[in-house]
Structure formats: C-alpha cells, structure tokens
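# Breakdown of the fold
Residue-level listing of the chains:
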Amino acid sequence: MLKVHFLNVGKGNCTVIKFPSGNLAVIDIDNSRIDDDDDVLQDPIEFLNKEYPNQSIFRFVLTHPDMDHMSGLGELHSNRTITNFWDTDNNKEIDTDKLNLGGYKKEDWEKYQELRVKDESPKVLHIYQDGEAQSYWKEDGVKVLGPSKSMLKKANETEEYNHCSYVIKIEHEGIKIILGGDATKEAWQDILEYHGKDELQANVFLVPHHGSPDNIEKDVFAHISPQYVIISDHRGHSYDYTYYNDLATEQVYSTKHFGNITLEVSDTVKKIYPDKNG
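The structure presented is a predicted model; accordingly, all values stated were derived computationally and were not measured.

## Digging into the nonpolar core
Ranked by internal contacts, the top residues of the largest apolar core, which has 29 residues, are Phe6, Ile17, Trp86, Ile170 and Ile177. Those elements that provide at least two residues to this core are β1 (2–6), β3 (24–27), β7 (142–146), β8 (167–172), β9 (175–179), β10 (204–206) and β13 (261–265). Contacts of Phe6, omitting those with residues within four sequence positions, involve Cys14, Thr15, Ile177, Leu179, Val204, Leu206, Ile230, Thr255, Gly259, Asn260 and Ile261. Listed in part, the 26 residues of the second largest apolar core include Leu7, Leu76, Phe85 and Trp109.

Below, the structure is given as structure tokens:
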C-alpha cells in the first residue's frame, strides 16, 4: 500500500510517504510553529515516532531552501538515519542571526549546509527535470517534473528560490499525486512546456506555496484537474478559496481546517481522509 500523510504543521510543509516498496520518504519538514497553536499542530518527529518508529528515511526531499521547509532538519537527522538527501545546487545565503525573528533556528540552516555537501550518510542528489530516472525511483513510482536547470539558473540569478522548487509526481495503482512545493508561475509554465499537458493530470494536488495566489498558474493547473486539492495552511492566512474550490472536482482539504490528511492507495483501497471534519 502507498500511504501519503500531509501533516498539519501550520505555515510550512511536511509530507510523509510510505511506499509499497517499504521505503519511507519525508518531503520537507517544519516544526517552527509547533508551540504557537495550542497543541493543534502536528510535530513531524512525534508523528514519525508514532507511525514509523525506528525506520530510516530512505529519501528526504528539500523542495527548496526556505526555512519553513527545513525547520526541524537538525532534530530529524539526529533521530533518524537519512539515506538519500535531495537538494538543488542553489546559492542561497541568509543572515542566521535574524532567523529567530521568524521563529526559526540557525541550527537547522547550519545542519542543511552540513548535509548538502555530503557524499554519503546521507548521499546528496541533485535531480532535475531532464534527469534519467533511476531504478528505485521507478520502483516507487516517482517522477521529477521540476525544476529544470534553466529554472535553477534563474533562481540563483534573481535570488527567488521558489523558481527552483522540486515538483514531484507519484503514481500507484492508477492514482496520481502531484506535490507542488513552492513552484512559481514561471516554473509551472516551464514544466508544462517540457512535459506536456497529459503528464500533468493528477487525482491529488498539493498546491504550491500554501495556496498563495502568487503561485497560481491557471492555464497549467487546469491540466492537472484534480479530484482533491490539499493546502498546507495555517490560521490567520487565507488562500484563494473560490479558485481552488472550482479547481477540485471533489474536495479541498486544508490542513488548518482538517488537520493531518491521509491518502491510502492499493489494488483494493483508494481513499483519502482527514483527522477531523473541517
């Protein structure tokens, strides 16, 4: 069975995936708001300890180098073995002395800098749109839709690092999931141009950048045409409710309203369900 958990971490993102192969993946992590919201939010480490105790992480994907996608990385690395670390060859620099102003810890940024130059334990991989899929990606039904090397170049030149966000597609038993990271409008157009509209169709769509209208590329998203839209969102933030309600043919699930959201897919089971009613 494929199990995809969209965790209610608040402002950031964290998706935990257990593949039928047995491989465990974590796509982004954020625990920076765990203490801010009256125990409503999900601590990713606690979730892993409860659902997948003592299991190593075969694949950690940092979609892009923003703190709300890597907060808790230090704790994760100290708690679990990470076999593969997906990164991009970005040139982002930050003033670590100011991280606390956003509720972040400089230790997580420093851990990122430490891990991203490793050859093993974890093995760092830079995987781009035109890369040849390795056997274990195929086994897990994983395809990299973006970024392209041209979008990485643009990100490094403009210092808009959402341009180089990973966009990942997963397929199992006919069900297709797209994880949108924080990909920009330009990145989505780049993906459409390279892959074509048929490759973009998906049943479940984790929308980019917490549903921000700045990242909605309607011409591209129309080809995704998802049954279910997932929005990793937080209290006090509004996404484009009307647009996403129209885009989803079945249901919009936002983590701030529904908590953790789980997708299960096997040859006999295909269901999506939230922790709570919205």
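## Overview of the state of the cysteines
Counted under the stated rule, the structure contains zero disulfides. Its sulfur unpaired, Cys14 is 19 Å from the next cysteine sulfur, which belongs to Cys164. With relative accessibility at 3%, the residue Cys14 sits in the buried group. Looking at Cys164, the relative accessible area reads 0%, which means it is buried.

## Examining helix α1 (residues 44–51)
When we look at burial in α1, the residues that qualify are Pro44, Ile45, Phe47 and Leu48. Each buried residue of α1 lies within a common arc of 160° when the element is viewed along its axis, so the set occupies one face. The exposed residues of α1 that point more than 90 degrees off its buried face are Glu46 and Lys50. Turning to α1, the residues buried within the fold contact β1, β2 (15–18), β3 and α2 (73–79). Put simply, Asp43 is the residue that caps the front of α1, since its side-chain oxygen is 2.9 Å from the backbone nitrogen of Ile45.

Conventions and cut-offs
Residues numbered from 1 in each chain as written. Predicted model: local features only at pLDDT ≥ 70, side-chain atom pairs only at ≥ 80, totals over all residues. Heavy atoms only, no water. Core = buried A, V, L, I, M, F, W, Y, C linked by side-chain atoms within 4.5 Å. Buried < 20%, exposed > 50% of the residue type's maximum accessible area, 1.4 Å probe, protein only. Helix = DSSP H or I, 4+ residues; strand = E, 2+ residues; numbered from the N terminus. Contact = heavy atoms within 4.5 Å. Disulfide = S-S within 2.5 Å. Arc of directions from axis to C-beta. Polar contact = N/O pair within 3.5 Å; in protein donor to acceptor, adjacent residues only side chain to side chain.

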